[in-house]
Amino acid sequence: LSTSALQWVVSGYVLTYGGLLLLGGRTADLLGRRRVFLAAVAVFTVASLLGGLVDDGALLIATRLIKGVAAAFTAPAALSIITTTFAEGPARNRALGIFAVFGASGYSAGLVFSGLLTEVGWRWTFFLPVPVAIVALIAAYRLLPDDRPARQTGGYDLPGAITGVASMLLLVYTVVEAPEVGWAAPRTLLQFALTALLLAAFVLIERRSAHPLVRLGILRSGRLARANLGVMVFFGAYLGFQFVVMLYLQSVLGWSALQTALGFLPAALIVAFGSPRMDPLIDRVGTARTIAA
């Protein structure tokens, strides 16, 4: 894979995950959290297995897109299961704290394991999640109580989901290809125009839909808009930084996959140990000051 194609292994997953996250939450409400969680984990398992078996770059990226879709349905269903299983108060706070710790420590452990596995063969980074997901699937099937879908009217806003994801995918594709094709090339300009049309269609659909994925009125809240903008800039910058530096350490400095993973480990450990301990700091100094610091 070329460097421009390689980034789709990362961004393909992130874009489908982010673009369909709201649809995943809506589906969990309408069909039942347990049912959606089990189905999404099963799809994630199969996609991980296929990712380790394919012999073509395009197919590898396709499996990552599918895994992003599956994760978009798994995450909101899992979080919703926690908030509905545990009563508000200490029990729920503890459950959410454990949930956050597992997410952060999984990120840390994933770096090291991926480095170790890549030393053996890159395919094992796709195979390892398979038995873990199977265990999670069996445990969820046996332990999670069945829940009835919420009595809600309205559909899933599929047009909004499709135009939203399509606009993001096309925008990233255009930006990635533009340096080779030319920023002023007719193809690039046409793709930017089509991206703008898809975004405009998304906004129009959300404004007219009876059950939109995004209620655009919430963006009138300055605090909410600033918080989302901050998160978008932070994650966008860090994922871009991580992708470029990993290639630099391995391709230019000649570090092994394991050395590169260990190089990123300190940052991951800070997240793992720091995230569960942020609540007292936020209570003391406030959200805005904590974010700014």
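Keep in mind that this is a model prediction, so the values were computed, not measured.

Glancing now at the nonpolar core. Core analysis: the biggest nonpolar cluster contains 18 residues, and Leu-20, Leu-23, Val-36, Phe-37, Phe-73, Ala-77 and Ala-161 have the highest contact counts within it. Residue assignment for this core shows that the elements contributing at least two residues are helix H1 (3-31), helix H2 (33-53), helix H3 (57-85), helix H6 (129-143) and helix H7 (158-181). Residues Trp-8, Val-54, Leu-60 and Ile-61 belong to the second largest nonpolar core, which totals 7 residues.

Bringing the environment of Leu-60 into the picture now. The residue Leu-60 is located in helix H3 in this model. C-alpha separation for the pair Leu-60 and Gly-103, spaced 43 residues apart in sequence, amounts to 24 Å. Dropping the residues within four chain positions of it, Leu-60 is found in contact with Leu-1, Val-9, Gly-51, Val-54, Trp-122 and Phe-126.

What the rule picks out here adds up to 2 salt bridges. A salt bridge links Arg-33 to Asp-147, with the shortest nitrogen-to-oxygen separation between them at 3.3 Å. Remark: Asp-147 occurs in the loop between H6 and H7 and Arg-33 occurs in helix H2; sequence separation between them is 114 residues. Summarising the burial analysis for this pair, Arg-33 and Asp-147 share the class buried. With a closest N to O distance of 2.6 Å, Asp-55 and Arg-123 form a salt bridge. Taken together, the positions of Asp-55 in the loop between H2 and H3 and Arg-123 in the loop between helix H4 (90-120) and helix H5 (124-127) put the pair 68 residues apart, joining distant regions of the chain. Asp-55 gets classed as exposed once you look at its relative accessible area, which sits at 71%. Exposure remark for Arg-123: the relative accessible area of 26% places this residue in the partly exposed category.

On to helix H8 (residues 186-208), then. Helix length check: H8 (23 residues) gives 33 Å between terminal C-alpha atoms against 33 Å at 1.5 Å per residue, within 8%. Within the span of H8, buried status applies to Thr-188, Gln-191, Thr-195, Phe-202 and Glu-206. Buried positions along H8 lie against H7.

Orientation of H1 relative to H2, taken along the N-to-C sense of each, is 150°, at an axis distance of 8 Å. As the angle between them shows, H1 and H2 are arranged roughly antiparallel. In this structure, H1 uses Tyr-13, Thr-27, Ala-28, Asp-29 and Leu-31 to contact H2, whose residues at the interface are Arg-33, Arg-35, Val-36 and Phe-44. Tallied by class, residues from the contact of H1 with H2 come to 5 nonpolar, 1 polar and 3 charged.

Attention now moves to the packing of aromatic side chains. For the structure on display, the rule yields 9 aromatic pairs. Pairing Trp-183 with Phe-192 gives two aromatic rings, centres 6.4 Å apart and planes at 15°, and the pair type is stacked. Relative accessible area serves as the criterion here: at 47%, Trp-183 is assigned to the partly exposed category. Ring geometry for Phe-234 and Phe-235: centres 5.2 Å apart, planes at 75°, overall edge-to-face. On the basis of relative accessibility, which here comes to 48%, the residue Phe-235 falls in the partly exposed class. Every member of this aromatic cluster is reached through a ring pair, and the members are Phe-234, Phe-235, Tyr-238, Phe-241 and Phe-264.

A few words now on a nonpolar patch on the surface. Taken together, the side chains of Val-46, Leu-49, Leu-50 and Leu-53 present a nonpolar region at the surface, about 350 Å² in accessible area. Checked against the element boundaries, Leu-53 lands in helix H2.

Moving on: the side chain of Ser-167. If you trace the backbone, Ser-167 turns up in helix H7. Take Ser-167: its relative accessible area is 2%, and that puts it in the buried class. Setting aside residues no more than four positions away along its own chain, Ser-167 makes contact with Thr-195, Leu-198 and Leu-199.

Here the focus is the environment of Ala-227. Along the chain, Ala-227 falls in helix H9 (residues 222-252). On the accessibility criterion, Ala-227 (37% relative accessible area) is partly exposed. Sequence separation between Ala-227 and Ala-288 is 61 residues, and the spatial gap between their C-alpha atoms is 9.0 Å.

Side chains of residues three or four places apart in an α-helix project in the same direction, reflecting 3.6 residues per turn. With 24 residues, H7 extends 33 Å between its outermost C-alpha atoms, agreeing within 8% with the 34 Å of an ideal straight helix rising 1.5 Å per residue. The largest bend along H7 measures about 25° and falls at Val-175, with the proline Pro-179 one to four residues further on. Gly-160, Ala-161, Thr-163, Gly-164, Val-165, Ser-167, Leu-170, Thr-174, Val-176, Glu-177 and Ala-178 are the residues of H7 that are buried. Where H7 starts, the residue carrying a side-chain oxygen 3.2 Å from the main-chain nitrogen of Gly-160 turns out to be Asp-157. Once H7 finishes, Gly-182 follows within two positions and takes phi at roughly 115°, a positive value.

About the criteria used
Residues numbered from 1 in each chain as written. Predicted model: local features only at pLDDT ≥ 70, side-chain atom pairs only at ≥ 80, totals over all residues. Heavy atoms only, no water. Core = buried A, V, L, I, M, F, W, Y, C linked by side-chain atoms within 4.5 Å. Buried < 20%, exposed > 50% of the residue type's maximum accessible area, 1.4 Å probe, protein only. Helix = DSSP H or I, 4+ residues; strand = E, 2+ residues; numbered from the N terminus. Contact = heavy atoms within 4.5 Å. Salt bridge = Lys/Arg side-chain N within 4 Å of Asp/Glu carboxyl O. Expected span 1.5 Å × (residues − 1). Axes fitted to C-alpha atoms, helices over the stretch in contact; angles between N-to-C directions. Parallel < 35°, antiparallel > 145°, perpendicular 65-115°, else oblique. Nonpolar A, V, L, I, M, F, W, Y, C, P; charged D, E, K, R; others polar. Phe/Tyr/Trp six-rings, centres within 6.5 Å; stacked < 30°, edge-to-face > 60°. Patch = residues over 30% accessible without salt bridge, like charges linked within 9 Å, V, L, I, M, F, W, Y side chains within 5 Å. Areas by Shrake-Rupley, 256 points an atom, 1.4 Å probe, with all protein chains shown as cover. Bend = angle between axes of the 7 residues up to and from the residue. Polar contact = N/O pair within 3.5 Å; in protein donor to acceptor, adjacent residues only side chain to side chain.

Function cannot be inferred from these measures alone, as they are strictly geometric.
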